[in-house]
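Architecture at a glance
Here are the chains, one letter per residue:
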Amino acid sequence: GEDVEQSLFLSVREGDSSVINCTYTDSSSTYLYWYKQEPGAGLQLLTYIFSNMDMKQDQRLTVLLNKKDKHLSLRIADTQTGDSAIYFCAESMSRDDKIIFGKGTRLHILP
Amino acid sequence: EPEVTQTPSHQVTQMGQEVILRCVPISNHLYFYWYRQILGQKVEFLVSFYNNEISEKSEIFDDQFSVERPDGSNFTLKIRSTKLEDSAMYFCASSDPGLAGDWGFFGPGTRLTVL
């Protein structure tokens, strides 16, 4: 069945780059997403990537996709205290299909 | 910028009571979804709705749950007889999967507490 796996915690010093990794099992996943959830808040769509792309960059965010290994990563450059949140990797087969989420990676920023 | 809205933001209810969670999807969207997130756990799909009927539901979405689009703007999730384990954050989402459309956007959530 569909599954999305990611590590639960990551600690990074302020100003360094954060890299959050994710693997998924469904090779027919077409859309892969990164969501951000701050404490007590909703799900903010940060970025997404189509499965026929290798990389997508959006300001401080870089998404890398290795479709062969079913591996997705999110790199946050120059990590700030405001980046402290839970980051969810997610996938769907189409734009109208349900979105399958990973358990989330809690990003902790060290001073 | 259009957004999905949900009311109430927090609902407290007694076990066995019925609750209705409300969502206003983005106005031109045609697909609607409910998800839930039990505290500290992952976001789980409950149900998708299109063309006035359920298009897919998960095993969580049992007979205690129902969805409705009572008018042109609201999308509701009803839990008939709440259990303690229904306590969670419930998120609504909507999508327009057309080429120029939006998808993947969620509302701010309703926190349901069952006592």
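Please refer to the structure placed before this passage.
The following paragraphs examine the structure supplied in this document.

So, how was this worked out
Residues numbered from 1 in each chain as written. Chains lettered and ligands numbered in written order. Predicted model: local features only at pLDDT ≥ 70, side-chain atom pairs only at ≥ 80, totals over all residues. Heavy atoms only, no water. Helix = DSSP H or I, 4+ residues; strand = E, 2+ residues; numbered from the N terminus. Buried < 20%, exposed > 50% of the residue type's maximum accessible area, 1.4 Å probe, protein only. Contact = heavy atoms within 4.5 Å. Lys, Arg positive; Asp, Glu negative; His and termini not counted. Charge placed at Lys NZ, Arg CZ, Asp CG, Glu CD. Buried area = accessible area lost by both parts, 1.4 Å probe. Salt bridge = Lys/Arg side-chain N within 4 Å of Asp/Glu carboxyl O. Polar contact = N/O pair within 3.5 Å; in protein donor to acceptor, adjacent residues only side chain to side chain. Pairing = 2+ DSSP bridges. Axes fitted to C-alpha atoms, helices over the stretch in contact; angles between N-to-C directions. Disulfide = S-S within 2.5 Å. Phe/Tyr/Trp six-rings, centres within 6.5 Å; stacked < 30°, edge-to-face > 60°. Lys NZ or Arg CZ within 6 Å of the ring centre and 35° of its normal. Core = buried A, V, L, I, M, F, W, Y, C linked by side-chain atoms within 4.5 Å.

Some points on the overall build of chain A
Secondary structure assignment for chain A yields 0 helices and 11 strands. Taking the principal axes of the C-alpha coordinates as reference, chain A spans close to 40 × 30 × 20 Å. For chain A, the residues scored as buried account for 48% of the 111 residues in total. For chain A, the proportion of contacts with a sequence separation of at least 24, taken over those separated by at least 6, is 56%. For chain A, the centre of its 12 positive side-chain charges and the centre of its 15 negative side-chain charges are spaced 1 Å apart.

Some thoughts on the interface of chain A and chain B
Facing 21 residues of chain A, the contacting portion of chain B comprises 21 residues. Taking both sides of the interface into account, the surface hidden between chain A and chain B amounts to around 1800 Å²; carbon and sulfur atoms contribute 59%. Between chain A and chain B we count 2 salt bridges in total. A salt bridge links Glu56 of chain B to Lys98 of chain A, with the nearest nitrogen and oxygen atoms 2.6 Å apart. For the pair chain A and chain B, the number of links is 7 residue pairs in polar contact (both at pLDDT 80 or more).

Structural notes on the sheet that holds strand S8 (residues 75-79) of chain B
All names here are of chain B. Spatially, S1-S3-S8-S7 is the arrangement adopted by the 4 strands of the open sheet, whose pairing is antiparallel. Whereas interior strands pair on both sides, the edge strands pair on one side only; in this sheet they are strand S1 (5-7) and strand S7 (65-68). The mean angle between the axes of side-by-side strands here comes to 20 degrees, regardless of whether they run parallel or antiparallel. Bridge count between strand S3 (residues 19-24) and S8: 5 bridges; the pairing is antiparallel. Bridge pairing in S8 links Val19 to Ile79.

Observations regarding the state of the cysteines
Residues and elements named next belong to chain A. Here the structure, examined in full by the defined rule, presents 2 disulfides over all chains. Note that Cys22 is cross-linked by a disulfide to Cys89, the S-S spacing being 1.9 Å. Across the disulfide from Cys22 to Cys89, rotation about the S-S bond amounts to roughly -65 degrees, and the bridge is consequently left-handed. Note that Cys22 is positioned in strand S3 (residues 18-24) and Cys89 in strand S9 (residues 85-92), a separation of 67 residues in sequence. Each member of the pair Cys22 and Cys89 is classed as buried.

Considering the packing of aromatic side chains
Tallying each qualifying case throughout the model produces 17 aromatic pairs over all chains. Between the aromatic rings of Phe32 of chain B and Phe75 of chain B, the centroid separation amounts to 5.4 Å while the plane-to-plane angle is 40 degrees, which identifies the pairing as tilted. Of the two residues, Phe32 of chain B is situated in strand S4 (residues 31-37) and Phe75 of chain B in strand S8; the sequence distance between them amounts to 43 residues. Phe75 of chain B shares its class with Phe32 of chain B; the two are buried. Over the face of the ring belonging to Tyr48 of chain A we find Lys56 of chain A, whose NZ or CZ atom lies 4.0 Å from the ring centre. Directly above the aromatic system of Phe45 of chain B lies the positively charged group of Lys98 of chain A, at a separation of 5.9 Å from the ring centroid.

A word on the pattern of salt bridges
Tallied over the full model, the rule gives 6 salt bridges over all chains. For Asp69 of chain A, the salt bridge goes to Lys68 of chain A, with nearest N and O atoms at 3.6 Å. Accessibility expressed as a relative area gives 46% for Asp69 of chain A, which makes it partly exposed. We classify Lys68 of chain A as exposed; its relative accessible area is 74%. Two residues, Arg36 of chain B and Glu44 of chain B, come together in a salt bridge whose shortest N-O distance is 3.2 Å. You can call Glu44 of chain B partly exposed: its relative accessible area is 24%.

Quick look at the environment of Leu30 of chain B
Residues and elements named next belong to chain B. Among the structural elements, Leu30 can be located in the loop between S3 and S4. For Leu30, a relative accessible area of 46% translates into the label partly exposed. Leave out the neighbours within four places in its chain, and Leu30 touches Phe49, Tyr50, Asn51 and Ser95.

Considerations on the nonpolar core
Trp34, Leu46, Phe61, Val67, Phe75, Leu77 and Tyr90 of chain B are the most contacted members of the largest nonpolar core, which has 22 residues in total. Every element with two or more residues in this core is listed here: S3, S4, strand S5 (43-50), S7, S8, strand S9 (88-95) and strand S11 (110-114) of chain B. Every residue in contact with Phe61 of chain B, bar those within four places of it in the chain, is listed here: Leu46, Val47, Ile54, Ser66, Val67 and Leu77 of chain B. In terms of nonpolar packing, the next biggest core, distinct from the first, is built from 21 residues, Leu32, Ile49, Leu72 and Ile109 of chain A among them.

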